[in-house]
Amino acid sequence: MEELAKINLLNLTQAELELLVESMGMKSYYGKSLFNWLHKKIVRNIRDITDLSKKDREMLETKSYIPFLNLLDLKTSKIDGTEKFLFQLEDKNSVETVLLRHSDRRVTLCVSSQVGCPVGCAFCATGKAGFVRNLNVNEIINQAYTVERRIIKNHENISNIVFMGMGEPLLNLDNVRKALEILTHENGLYISRRKITISTCGIVAGIEKILLERLPIELAISLHSAIDEKRDTLVPVNKQNKLEDLYAVLQEYQRQTKRRLSFEYILLGGVNITEKDANALADFVKDFDHVVNLIQYNPVEGAGFKAPTPKKLEKFLHVLKIRGVNVTIRQEKGRDINGACGQLRGRQVVS
Ligand code: SF4
């Protein structure tokens, strides 16, 4: 109980830490040093912060703490080294984080932004489990810190972060924004802003906020269908965020940022890969500087979807190519460890 009343240091920006140490009677520049220990050296214990006097450390320890995530489960792919972590939060909820290793030595961390997800996409294990709550700032950045501490021992570092795990990041934008500020800070992990991608199912008001605040991140849109009636059933937020409105805000986004847009499209056999689907997709993306990532479907129990046959997929791909769509089929990573989002947590909840 006493621990919960203490200040969670990982929720604070450098400016907020400066104010905190000042309020404890220390010089404000110790705030900068404290930020460096917390976010660059990613220290686990206040007593290891040797810049501070023993007395200051003791005072800090009585009033604040550094939170950590408990590792509940870890699966490692024998095929490509992908690692899937299941972390337990202070309130015993759990979230998933996935580490992807690329052949060019890039290391991408796929982080969660919510416990569960309110969007409820028809094909998604997380969506099926429902929404619990937003993650706070420390729970977002601690996914990165916990993994970084492990991989640094093998001389690896996280180079890219994608908000593509559990949850819809634009429905938790206040905490995601603050987490971004800390993760990209030059006195912290200093992840390049161009190497952070927010993946959204198309929350128009959230994209407008990104524009308004000039958040310098890459944007990926989980499209999955470019036909409103079909998208309404696959991605239910489409009912409030129609394709026409999404298109308009993305046009404005690209006009202002000049950044390439990624469109994610999950391949569902007999559902969204007809010739009509391919033409609708081509119509939607053709005037954007774009890349369309086709994603192999990883079956979710009880969802009622299946992967397409190779022949159907080939036909779909053929139409996209002759329509000039810049398309890739995403190499699926971690297939042998249930790569799809929410599957590890789903098993934990069930077992
Ligand atoms: Fe939420 Fe993404 Fe799953 Fe849709 S696919 S329910 S947005 S986590």
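Here is what the cut-offs are and how they apply
- Residues numbered from 1 in each chain as written.
- Predicted model: local features only at pLDDT ≥ 70, side-chain atom pairs only at ≥ 80, totals over all residues.
- Heavy atoms only, no water.
- Helix = DSSP H or I, 4+ residues; strand = E, 2+ residues; numbered from the N terminus.
- Buried < 20%, exposed > 50% of the residue type's maximum accessible area, 1.4 Å probe, protein only.
- Contact = heavy atoms within 4.5 Å.
- Areas by Shrake-Rupley, 256 points an atom, 1.4 Å probe, with all protein chains shown as cover.
- Lys, Arg positive; Asp, Glu negative; His and termini not counted.
- Charge placed at Lys NZ, Arg CZ, Asp CG, Glu CD.
- Near = heavy atom within 4 Å.
- Nonpolar A, V, L, I, M, F, W, Y, C, P; charged D, E, K, R; others polar.
- Domains from an automatic or database assignment.
- Buried area = accessible area lost by both parts, 1.4 Å probe.
- Salt bridge = Lys/Arg side-chain N within 4 Å of Asp/Glu carboxyl O.
- Polar contact = N/O pair within 3.5 Å; in protein donor to acceptor, adjacent residues only side chain to side chain.
- Pairing = 2+ DSSP bridges.
- Axes fitted to C-alpha atoms, helices over the stretch in contact; angles between N-to-C directions.

Enquirer: What's the story with the overall build of the chain in this structure? I'm lost.
Expert: What the chain contains, in helices and strands, is 13 helices and 14 strands. Looking at the chain as a whole, 55% of its 351 residues are labelled buried. Sequence separation of at least 24 residues holds for 66% of the intrachain contacts in the chain that already meet a minimum separation of 6. A total accessible area of about 16400 Å² is found for the chain, and carbon and sulfur atoms account for 51% of it. Here the chain carries 51 positive and 43 negative side-chain charges, and the mean point of each set is 3 Å from the other.

Enquirer: Teacher, can you tell me more about the site of the ligand here?
Expert: In the neighbourhood of the ligand, the contacting residues comprise Cys117, Val119, Gly120, Cys121, Cys124, Gly127 and Gly167. In terms of residue class, the shell around the ligand is made up of four nonpolar, three polar and no charged.

Enquirer: Would you take a moment to explain the domain arrangement of the chain for this structure?
Expert: A common way to report how large an interface is uses the accessible area buried once the components associate. Each assigned domain of the chain is listed here: domain 1 (3-65) and domain 2 (70-350). Taking only C-alpha atoms into account, the centre of domain 1 sits 34 Å from that of domain 2. Domain 1 puts 18 residues into the contact, and the matching count from domain 2 is 17 residues. The junction of domain 1 with domain 2 conceals about 1500 Å² of combined surface from both sides, 52% of it contributed by carbon and sulfur atoms. Two residues, glutamate 16 and lysine 178, come together in a salt bridge whose shortest N-O distance is 3.0 Å. Our count for the contact surface shared by domain 1 and domain 2 stands at 12 residue pairs in polar contact (both at pLDDT 80 or more). Elements that contribute at least two residues to the side of domain 1 that touches domain 2 include exactly helix H2 (14-23) and helix H3 (29-39).

Enquirer: Where do I start with the sheet that holds strand E4 (residues 83-88) in this structure?
Expert: Neighbouring strands of a sheet are bound in pairs by backbone hydrogen bonds; such pairs are parallel or else antiparallel. Here 10 strands make up an open sheet; going across it, the order is E3-E4-E5-E6-E9-E10-E11-E12-E13-E14 and the pairing mixed. Only two strands of the sheet have a single neighbouring strand rather than two, namely strand E3 (70-76) and strand E14 (327-330). Sheet twist, expressed as the mean angle between neighbouring strand axes with direction ignored, is 20°. Both strand E9 (residues 160-163) and strand E10 (residues 196-200) contribute to a ladder of three bridges, which runs parallel. Following the sheet pairing, valine 162 is matched in E10 by threonine 197. Against the sheet, helix H12 (residues 310-322) engages strand E12 (261-267), strand E13 (290-296) and E14, with an angle of about 150° to E14.

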